[in-house]
Amino acid sequence: MPTPARAEGPVRILPDFLYGDPAPPVSPPAPSGPEDGDGPLSLMPPDMGAPVDAGPADGETMPRGAALPPPIEIAPLDTVRPLEGEDVAAPAPIGSGELWLGTPPGLVAPLLANVPAPARGTVPRRLTQRLLMAAPSVPDATARVIEKLAAAGAAEDLASFAGRLAGLPAPSVPHVVRGLAAAGDRRRLCDAGLDRVPGAGGLDVDVLRAVALCRAVAGDTIGAQLALDLAHEQGAVGLGFEHLLRALTGGERAASSDVGGTDPLALWAAAALDLAPPPEAFDDPPPLVLGLLARAKAPIGLRLGAAERGVRLGLVDPADLALLYAGGPAPLAAPADLSPPMRRAVLHRAVLEASGPAVRAQAVVAFVEAAEADGLATVAARVEGRAIADTADQSLPPAIGAGLVRAALRAGDRAAALRQIERLARNAGDSRDLARLWPYRALLAGDAAVPPRFDDFEDALPAGTAGERGGDMTAALLDALGGRRLPDDLAARLDRTGGNPAIPGLDAALAGGRRGEAVALVLEFLGGNGLQGLEPKAAGAAVAGLVRAGLTAEARDLAIEIALAAGL
């Protein structure tokens, strides 16, 4: 049985009316490019504007549950099809052919166990998501997929398993329930028929806590208490969660300290109560709750931090972060007195309020370069995607133009990058800044001849170790993509540094035509620490592995992303 497909659409954190006409002056990202992959989905609950009353004010009385909304119908699971434990059923394709075709289903779970989650980098994350969602529907593989999705914080992907709860392995059910709580539409949690999940999965403490919440918001105080009592029998419920549950039924008032910061179910209840999480909830939250925190009732500086990290991990839409930035301080604010997220909000406001295209392009480059110090250059570029696309045809000073090219590549907008490169070549052909772009011109050229002025690129490399590493990285990436004759100096670098390291098991997987296995081995080889510290030969091995697997477009995207991470 194929894995359920994800819903389509953009992610939204803020209330829907903020997206209507007239729209606020924001700089949304450019249309999804090759680097963006299948962007994240909507995180904005449609009913966030109508919180449940937390109860009477001090000194007032009212009947329990009197202020609650009408009951929510709990959908039964009569139509759920149990998981089938037989052969692979048409996994989702990647490139040409089927991703897991030829791999014995029993080997999928051990392969997935070593795939890092969350993946660090746009292309590794996109490949990981496709690898997981195309896995065959056998219990061991499904359990591993759900475990990895939970570690990656992929709430929408987890929620896509809601229609299969009755057939999931029991340990997987609470992961899906937490994903439902963290997903954009809060109603999905109570529409999943959690009180009908059979067996051990239905008796999990988190499943029972979720049933209690759904009964509470439906006005069923007795049913909520019965579910809570059952949850107590299965494990620790938490005193703060009990306070939140009683607040939902009108029994008492809850406080921010009851919310915590790592429990999606508690944050779901807090959103229903219009209750702010405590500030410490934003310190180092797990990926799964980043969307919940980004749309929580909290100071904008805290929400910005959660949203920035969510965009970095592909869990929050850059357009929503742009809207949050737009609500930050004006450009006249003193950045030194602000937190890093608020300083970035100031820089984004400067892009919005720039007086002309050239000034706007300069503001974009300043924003992206400032964000790079915190590892958020790609996040900033995606936020400014529209501004990048709008200014790519401008004649700009070489330094600004080169910065805009890199920003466009980070945003996944190759067309904008090529347009600005053409402008620079026409107006500043002898500039050092254009010479430094030679690796990107070569990577974007596909199988065509290498671009001119390679000698100028070598001359423009910084002296010392950094320059040698930049030259070696350029040689390794271009050689891995193949299809062209490298300049003699680059070929000499390859001869001097030796061949790429072998990726264990890759040759056997490719010889057997097992593409999913090959992708999993490449992702394991890349590791979970990001692309910044990747050695040139290791980078070449990873890119070459994808090329050999027939994933040429993904290999080129990965090469560009590695080049940007290396500072080329």
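Just above, that's the structure.
(A) Layout of the packing of aromatic side chains. Inspection of the entire model under this criterion finds two aromatic pairs. For the ring pair Tyr-325 and Phe-367, a centre distance of 5.8 Å and an interplane angle of 80° mean the geometry is edge-to-face. Of this pair, Tyr-325 sits in helix H14 (residues 318–326) while Phe-367 sits in helix H16 (residues 357–372); the two residues are 42 residues apart in sequence, bridging distant segments of the chain. Look at Tyr-325 and you get buried, because its relative accessible area is 1%. On the numbers, 5.8 Å between centres and 20° between planes, the contact of Trp-438 with Phe-457 is stacked. Of the two residues, Trp-438 sits in helix H22 (residues 438–444) while Phe-457 sits in helix H23 (residues 454–460), which places them 19 residues apart along the sequence. Here the two residues Trp-438 and Phe-457 agree in accessibility, since each one is buried. The residue whose ring lies beneath Arg-186 is Trp-268, and the NZ or CZ to ring-centre distance is 5.0 Å. Over the face of the ring belonging to Phe-241 we find Arg-209, whose NZ or CZ atom lies 4.5 Å from the ring centre.

(B) Up close: the packing of H16 against helix H19 (residues 398–410). The interhelical angle for the contact between H16 and H19, taken along N-to-C directions, is 65°, at an axis separation of 9 Å. Handedness of the H16/H19 crossing: left-handed. Across the interface between the two elements, Ala-361, Gln-362, Val-364, Val-365, Val-368 and Glu-372 from H16 touch Ile-400, Gly-403, Leu-404, Ala-407 and Arg-410 from H19.

(C) Representation of the pattern of salt bridges within the structure. Inspection of the entire model under this criterion finds 27 salt bridges. As a salt-bridge pair, Asp-284 and Arg-309 come within 3.9 Å of each other at their nearest N and O atoms. Of this pair, Asp-284 sits in the loop between helix H11 (264–273) and helix H12 (290–294) while Arg-309 sits in helix H13 (residues 300–312); the two residues are 25 residues apart in sequence, bridging distant segments of the chain. Here Asp-472 and Arg-493 are joined by a salt bridge, their closest N and O atoms 2.9 Å apart. Of this pair, Asp-472 sits in helix H24 (residues 465–481) while Arg-493 sits in helix H25 (residues 488–497), and the two are 21 residues apart along the sequence. The burial state of Asp-472 is the same as that of Arg-493; both residues are buried. Among the charged side chains, a salt-bridge network with shared partners connects Arg-178, Asp-206, Arg-209 and Asp-263.

(D) Structural view of the state of the cysteines. In total, this model carries one disulfide according to the counting rule given. The side chain of Cys-190 participates in a disulfide bridge whose partner is Cys-214; the two sulfur atoms lie 2.2 Å from each other. Between Cys-190 and Cys-214, the disulfide has an S-S torsion of -95° and is therefore left-handed. Of this pair, Cys-190 sits in helix H6 (residues 187–190) while Cys-214 sits in helix H8 (residues 205–217), and the two are 24 residues apart along the sequence. Here Cys-190 and Cys-214 have matching classes, each one buried.

Rules behind the numbers
Residues numbered from 1 in each chain as written. Predicted model: local features only at pLDDT ≥ 70, side-chain atom pairs only at ≥ 80, totals over all residues. Heavy atoms only, no water. Phe/Tyr/Trp six-rings, centres within 6.5 Å; stacked < 30°, edge-to-face > 60°. Helix = DSSP H or I, 4+ residues; strand = E, 2+ residues; numbered from the N terminus. Buried < 20%, exposed > 50% of the residue type's maximum accessible area, 1.4 Å probe, protein only. Lys NZ or Arg CZ within 6 Å of the ring centre and 35° of its normal. Axes fitted to C-alpha atoms, helices over the stretch in contact; angles between N-to-C directions. Left-handed = near helix turned anticlockwise from the far one by under 90°. Contact = heavy atoms within 4.5 Å. Salt bridge = Lys/Arg side-chain N within 4 Å of Asp/Glu carboxyl O. Disulfide = S-S within 2.5 Å.

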